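# Residue-level structural notes
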Amino acid sequence: MRTRSITVPSLLVLAVVSIVCAFARPAAAVADMDPPVLTNLRVEISDGPTAEPGETVTFTFDITDATGVGSVLFCVSGPESGDGHMLYAKRVEGTTWQVVWNVTDGDRPGVWRISYISYEDSSPLRNSKTDWPGESGPTVTVTYPEPVPPTSMEEIIQSIITMILNFIAQIVAAFGSLW
Ligand SMILES: [Ca+2]
């Protein structure tokens, strides 16, 4: 009985086929190495142009990624060092995401800026990027309402007299319509 032996040319063919197969893998196996792309950042204040405590500041932007966006974190900083908020963005529709900042009494008046935006994709590699808008980014000016000056006694008496006269006028008008 003759045994079939593997010849040198056979091994060469096998090696070539292996190499060709290795390079012919589908493109889907290529890992996503790119972080998301963030564009079109804009800001809106609920009752602008300045933001007072109780008002809402909304940063809106578009963000895309081949394997999906994982998380987006904004850091807004106030006029003094130590003033700041870390705010996570939420997807609102399609590629549009938003960060909402509810301005409160604790927020110092002055110019606030986005010190950084940190974002990553949802691929296993968690490809990430950090932007530093700072001086070149959108700004939000926080203001407080003007204090209302105290009402003088003369104004209080005058308003009471006006109220009484209006009341009398209404009674007269009511009786007038009955007669
Ligand atoms: Ca990516």
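Please refer to the structure higher up on the page.
Let us look at the structure shown here. Note that the structure is a prediction, hence the values are computed from the model and not measured.

Calculation notes
Within every chain, residues take consecutive numbers counted from 1 along the sequence as written. Local features are withheld for residues below a pLDDT of 70 in this predicted model, meaning they are given only at 70 or higher, and side-chain atom pairs are given and counted only at 80 or more; totals for whole chains, interfaces and linings count all residues. For helices the rule is a DSSP run of H or I covering at least 4 residues; for strands it is a run of E covering at least 2, with both sets numbered from the N terminus onward. As a rule, residues whose C-beta atom has 12 or fewer other C-beta atoms within 10 Å are exposed, those with 20 or more are buried, and those in between are partly exposed; C-beta atoms are placed from the backbone. Residues are scored as being in contact if the C-beta atoms we place from backbone atoms lie within 7 Å. Should DSSP find at least two bridges between two strands, the strands are taken to pair. The term nonpolar core refers to a group of buried residues, namely Ala, Val, Leu, Ile, Met, Phe, Trp, Tyr and Cys, whose C-beta atoms join them within 7 Å. Only the contacting stretch of a helix is used when fitting its axis, a line to C-alpha atoms as for every element, and angles between N-to-C directions run 0 to 180 degrees.

## Topic: the overall build of the protein chain
Counting its regular elements, the protein chain contains two helices and nine strands. Ordered by position from N to C terminus, the α and β elements of the protein chain give α-β-β-β-β-β-β-β-β-β-α. A burial count over the protein chain gives 15% of its 179 residues as buried. Excluding contacts between residues fewer than 6 apart, the proportion of contacts in the protein chain whose partners are at least 24 apart in sequence is 65%.

## Considerations on the pairing of strand S9 (residues 139–142)
Side chains Val-140 and Val-142 of S9 all project onto a buried face; the interleaved residues Thr-139 and Thr-141 project onto a face where none is buried. Relative to S9, strand S7 (residues 110–121) runs antiparallel, the two being bridged by four bridges. Residue pairing for S9: Gly-110 is matched across the bridge by Val-142.

## Quick word on the pairing of strand S2 (residues 56–64)
Burial along S2 is one-sided: Val-57, Phe-59, Phe-61 and Ile-63 are buried, while Thr-56, Thr-58, Thr-60, Asp-62 and Thr-64, pointing the other way, are not. The sheet contact formed by strand S1 (residues 37–45) and S2 spans seven bridges and is antiparallel. Residue pairing across strands places Thr-39 opposite Asp-62, the latter belonging to S2. Of the pairings in the sheet, the one linking S2 to strand S6 (residues 96–102) comprises seven bridges and is antiparallel in character. Bridged to Thr-58 within S6 is Val-100.

## What to know about the nonpolar core
Core analysis: the biggest nonpolar cluster contains 21 residues, and Ile-63, Val-72, Phe-74, Ile-117 and Tyr-119 have the highest contact counts within it. For this core, the secondary-structure elements that each account for two or more residues are S2, strand S3 (69–77), S6, S7 and S9. Excluding anything up to four places from it in sequence, Phe-74 contacts Phe-59, Leu-87, Ala-89, Val-99, Ile-114 and Ile-117.

## Let's talk about the sheet that holds S6
Read from one edge to the other, the open sheet built from four strands follows the order S1-S2-S6-S5, with strand pairing classed as antiparallel. Unpaired on one side and paired on the other, S1 and strand S5 (90–93) mark the two borders of the sheet. Each strand axis lies, on average, 30° off the axis of its neighbour in the sheet, ignoring direction.

## Structural notes on unusual backbone geometry
The step from Gly-48 to Pro-49 runs through a cis peptide bond, and the omega angle for that step is 5°. Of note, Pro-49 is situated in the loop between S1 and S2. Not every positive phi belongs to a glycine, and Asn-40 is a case in point at roughly 60°. Given 10 C-beta atoms within 10 Å, Asn-40 falls into the exposed group. Residue Arg-126 is not a glycine yet carries a positive backbone phi of 45°. Counting through the fold element by element, Arg-126 comes out in the loop between S7 and strand S8 (128–131). With 11 C-beta atoms counted inside 10 Å, the residue Arg-126 sits in the exposed group.

## Regarding the environment of Asp-62
With respect to the element layout, Asp-62 can be found in strand S2. Separated by 23 residues in the primary sequence, Asp-62 and Thr-39 place their C-alpha atoms 5.3 Å from one another. If sequence neighbours within four positions are ignored, Asp-62 has contacts with Thr-39, Asn-40, Thr-95 and Thr-96.

## Describing the environment of Ser-123
Its location among the elements puts Ser-123 in the loop between S7 and S8. Classification of Ser-123 by C-beta neighbours within 10 Å gives partly exposed; the count is 17. Separated by 91 residues in the primary sequence, Ser-123 and Asp-32 place their C-alpha atoms 6.8 Å from one another. When near neighbours in sequence (up to four residues on either side) are disregarded, Ser-123 contacts Asp-32 and Thr-67.

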